[in-house]
Amino acid sequence: DAVNEFLKIQKTKVKETTLVEYTNKLNQVLKIIGEDKFLYELGVDNDGDQVVNGALEFIRGNGKYDLEMRCRSLINRVFKLAETCRWIKKGQNPVITDRDALPSKPAPKHHPKLNWEDAEEFFEKLQLNRSNSAPQTLLCLKLIIITGLRAGSATRLKWEWINTKKGYIEFPPDTSGLKRNKGKTDDIPHYVPLSKGVKLIIEKAKKYSTNEEYVFDQIKQNKRFPHLDPSAPNNWLRANGYEGKIVAHGLRRTFKTEGKEHASTDTEILGKCLGHLPEGKVNKAYDSSELLPARKKHQEEWEKLCVNKGLV
């Protein structure tokens, strides 16, 4: 009941995709603790901290520190709500949040990226497509490479977002993968310039699409999504020998790192290309620039660099 009330409140505050994430993680904790437990049974005075923290340690397993901390944070908020609503007494929250009492997780690992010296071999494998993956997957992966989009956004691209007159694609703020916060930045869309490479990819995608809504069609019917599965780009990478070496999100690192190194593009322009929002209160309040001409210039320069390395 406490979890359901927490989720009911969060529904008014967070995006739908975030709410789904919250629900899944809390259900994972409930499954281990047992959802038929009374709240007072889980209080500190009844040694409930042993039960709750034991469940969280089980979720951590042999190395899922991030998952454990997200679950820990959510279940802690549920118990704080229970205290506020006087469903349990103050001081009975069983969740340990003091980091000194928790094991340290290993130093964070950045998403593995495509190194520039390996780009030629990578693009050759992309063209050979030995895994015989669907053309929609290859086209979407190429779009990710030249635009720096997250897979979650790229796979959800809709025809109606493509504005040929204005020369850009407009991703609505609630698009999965844009990382907009509900009530704070959920009014800020993301623009992708219609450069030569992007236009070519979209034109090619038309030949394979039977979907009037999405650019990248689902590969098989009755799948989880009405569009290309967001895991498809990573599936191609794994199937072609890049497991543990490159992930789709790491291509954003390639876009920024190699774009800055080889195209000499300003960091601010690269940040705008990646959909990053201004940092700091002043910038957030006053800077609503998009810098689209400069971004298009960089994107076209980046495309040339990739083509020279073998990207078709």
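Above: the structure in question.
Next up on the list: the overall build of the protein chain. When helices and strands are tallied, the protein chain shows 13 helices and 3 strands. Sorting the 312 residues of the protein chain into buried and exposed places 45% on the buried side. Relative to all contacts within the protein chain whose residues are 6 or more apart in sequence, the contacts with residues 24 or more apart total 64%. Roughly 18200 Å² of accessible area belongs to the protein chain as shown, and the carbon and sulfur atoms make up 47% of that amount.

Within the chain, Asn129 stands out as a residue other than glycine whose phi angle is a positive 50 degrees. For Asn129, the position within the fold is in the loop between α5 (119–128) and α6 (135–147).

The next point concerns the pattern of salt bridges. Within this structure, the stated rule accounts for 8 salt bridges. Of the charged contacts, one joins Glu21 and Lys25 as a salt bridge, the two residues approaching to 3.5 Å between their closest N and O atoms. In this pair, Glu21 and Lys25 are both assigned in helix α2 (residues 16–33), 4 residues apart and thus about one turn of the helix distant. Owing to a relative accessible area of 31%, Glu21 belongs among the partly exposed residues under this scheme. Given the relative accessible area of 13%, Lys25 is considered buried. We note a salt bridge from Glu121 to Lys125, for which the minimum N-O separation is 3.9 Å. Here Glu121 and its partner Lys125 are both found in helix α5, 4 residues apart, which amounts to about one turn of the helix. On the basis of relative accessibility, which here comes to 24%, the residue Lys125 falls in the partly exposed class. Each of Arg60, Glu68 and Arg72 takes part in salt bridges that share partners, so that together they form one network.

Strands sit in the order β1-β2-β3 across an open sheet of 3 strands; the sheet is antiparallel. Either end of the sheet is taken by a strand with one partner, and the two such strands are β1 (162–163) and β3 (190–193).

So, about the packing of α2 against helix α3 (residues 48–60). Running from N to C, α2 and α3 point in directions that differ by 120 degrees, and their axes come no closer than 9 Å. As far as their axial angle goes, α3 and α2 are oblique. Every pair of crossing elements has a handedness; the one defined by α2 and α3 is right-handed. Residues Gln28, Val29, Ile32 and Ile33 of α2 pack against Val51, Val52, Ala55, Leu56, Phe58 and Ile59 of α3. Broken down by class, the residue content of the contact of α2 with α3 amounts to 9 nonpolar, 1 polar and no charged.

This paragraph deals with the environment of Pro106. Positionally, Pro106 belongs in the loop between α4 (65–84) and α5. Taking the C-alpha atoms as reference points, Pro106 and Trp87, 19 residues apart in sequence, are found 37 Å from one another.

Once that is clear, we can look at the side chain of Asn76. Note that Asn76 resides in helix α4. Beyond its immediate stretch of four places on either side in the chain, Asn76 contacts Asn93, Val95 and Thr97.

Rules behind the numbers
- Residues numbered from 1 in each chain as written.
- Predicted model: local features only at pLDDT ≥ 70, side-chain atom pairs only at ≥ 80, totals over all residues.
- Heavy atoms only, no water.
- Helix = DSSP H or I, 4+ residues; strand = E, 2+ residues; numbered from the N terminus.
- Buried < 20%, exposed > 50% of the residue type's maximum accessible area, 1.4 Å probe, protein only.
- Contact = heavy atoms within 4.5 Å.
- Areas by Shrake-Rupley, 256 points an atom, 1.4 Å probe, with all protein chains shown as cover.
- Salt bridge = Lys/Arg side-chain N within 4 Å of Asp/Glu carboxyl O.
- Pairing = 2+ DSSP bridges.
- Axes fitted to C-alpha atoms, helices over the stretch in contact; angles between N-to-C directions.
- Parallel < 35°, antiparallel > 145°, perpendicular 65-115°, else oblique.
- Left-handed = near helix turned anticlockwise from the far one by under 90°.
- Nonpolar A, V, L, I, M, F, W, Y, C, P; charged D, E, K, R; others polar.

Everything listed is a geometric property; what it means functionally is a separate question.
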